[in-house]
Structure formats: C-alpha cells, structure tokens
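# Residue-level structural notes
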Amino acid sequence: MDQITDLIPRAETSWPSLSCAGGNRTENNKTSSDNTRFWKHEWDKHGSCSDSILDQHAYFEATLNLKDRVDLLQILQYNGIKPDGNLYSVVNITQAIKQATGFVPGIKCNTDPSGNRQLNEIYLCADKSASNFIECPILPNGKSCTDNVEFPIFSEWDAL
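Rules and cut-offs
- Residues numbered from 1 in each chain as written.
- Predicted model: local features only at pLDDT ≥ 70, side-chain atom pairs only at ≥ 80, totals over all residues.
- Heavy atoms only, no water.
- Disulfide = S-S within 2.5 Å.
- Helix = DSSP H or I, 4+ residues; strand = E, 2+ residues; numbered from the N terminus.
- Salt bridge = Lys/Arg side-chain N within 4 Å of Asp/Glu carboxyl O.
- Buried < 20%, exposed > 50% of the residue type's maximum accessible area, 1.4 Å probe, protein only.
- Polar contact = N/O pair within 3.5 Å; in protein donor to acceptor, adjacent residues only side chain to side chain.
- Contact = heavy atoms within 4.5 Å.
- Phe/Tyr/Trp six-rings, centres within 6.5 Å; stacked < 30°, edge-to-face > 60°.
- Pairing = 2+ DSSP bridges.

### Section: the state of the cysteines
Across all of its chains, the model carries two disulfides by this definition. Across the disulfide from Cys109 sits Cys145; the S-S distance is 2.0 Å. Here the S-S torsion is close to 95 degrees, and the disulfide linking Cys109 with Cys145 is therefore right-handed. Pair noted here: Cys109 is in strand β2 (residues 106–111) and Cys145 is in the loop between β5 (133–134) and β6 (148–150), with a separation of 36 residues, a long-range link.

Below is the structure:
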C-alpha cells in the first residue's frame, strides 16, 4: 500500500471500510487498520487482475474517480433507502441503482450477530482500464440475500 500514500486522505473520505472490527479510531470514528485491510483486500482481489494495465496507484486513483462519478449511498438515500438498521427490498435497492446508473449492481449480504441478513456489499463493474462502468459479466446468484435485508447503521455515514 506504499504506492498510494498520496491517495489515502481522499480514500479515507470517499472509500472507507465499513467494517466493525477493532483498531485505532480516527477523528471520523474509523479505524485506520480497517481501511488499510480493506484497501489491501480490494487490491489483492480486484486490482491485481488489472496489474498489466494499471499499477496499484493507477488502480486506486481510477477507482476513486469512478466513486466520485457514482455515489451509491446518495442514490439509495434519494430513494429512501438509508443505513438506519431497517429492512429494505433487494429489488428496490437494485432498481434504484439501475435507474440512476444504467447498470445492474452486484449485491451481497451476510448475517449480523442477531441472525438478520444484512447488506454487506454493493458494487458496479468497470472496464479493464477502470475508466467506465459496464454491465457485470457475472453477478452473485442472490442466494446470500433474502427478499428484504437490513441496511446496518454506520456512524461513519454522518461524516460522509
């Protein structure tokens, strides 16, 4: 992650981890270790596939630029879908994002400590140069989500 030190302030604001795991808290109530682990995971799982086209710095810069173009949280909030611990229809989440972006999002869910299915990940796919969104060639089969899922509360949203 040494290649992106100049992008870290922007990434902490635009692309933080929403993990509830521990670490040293920053002024935004985020953990710097959560963010570092999250970005390392993103590079290892997604960015390294683009390594022949984009080095680590170019990958993160392109990702942040795409994030600046499409704010999924803003899209969801505009459609009354908020990280407030309430249940929301996966169909409504999908439709809100598709209507705003023109693309069907990938949506993954997990189980919270109380046994509720909750949103875990929402994503859009990009072309190999990470300059444009594209239809995802493969989407999750949807089995990780129920028809209605909890949108967990994250205090970080207050800062975003």
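### A closer look at the pattern of salt bridges
Throughout the structure, instances matching the rule amount to four salt bridges. The partner of Arg37 in a salt bridge is Asp34, with the nearest N and O atoms 2.6 Å apart. One end of the pair, Arg37, and the other, Asp34, are both in helix α2 (residues 32–45), three residues apart, so they sit about a helical turn from each other. Note on Asp34: relative accessible area 2%, which makes it buried. The salt bridge involving Asp71 is made with Lys67; its shortest N-O contact spans 3.9 Å.

### Here we look at the side chain of Thr101
Checked against the element boundaries, Thr101 lands in helix α5 (residues 90–101). Within the structure, the side chain of Thr101 is placed 3.0 Å from the backbone nitrogen of Phe103, a separation counted as a polar contact. Setting aside its immediate chain neighbours within four residues, Thr101 contacts Val70, Ile75 and Leu124.

### A few points about unusual backbone geometry
A positive phi angle, close to 55 degrees, is found at Ala130, a residue other than glycine. Its place among the elements puts Ala130 in the loop between β4 (125–126) and β5. Judged by its relative accessible area of 11%, Ala130 is buried.

### Observations concerning the packing of aromatic side chains
Taken as a whole and judged by the stated rule, the model has three aromatic pairs. Taken together, a centroid distance of 5.1 Å and an interplanar angle of 85 degrees make the contact between Tyr59 and Phe60 edge-to-face. For the pair formed by Tyr59 and Phe60, the shared burial category is buried. Aromatic ring contacts, followed pair by pair, group Trp43, Tyr59 and Phe60 into a single cluster.

### As for the pairing of strand β3 (residues 117–123)
Bridging between β2 and β3 involves six bridges; their strand directions are antiparallel. Note on β3: the bridge partner recorded for Thr111 is Arg117. A loop of five residues connects β2 with β3, the two strands running antiparallel in sequence, and Gly115 in this loop sits at a positive phi of about 90 degrees.

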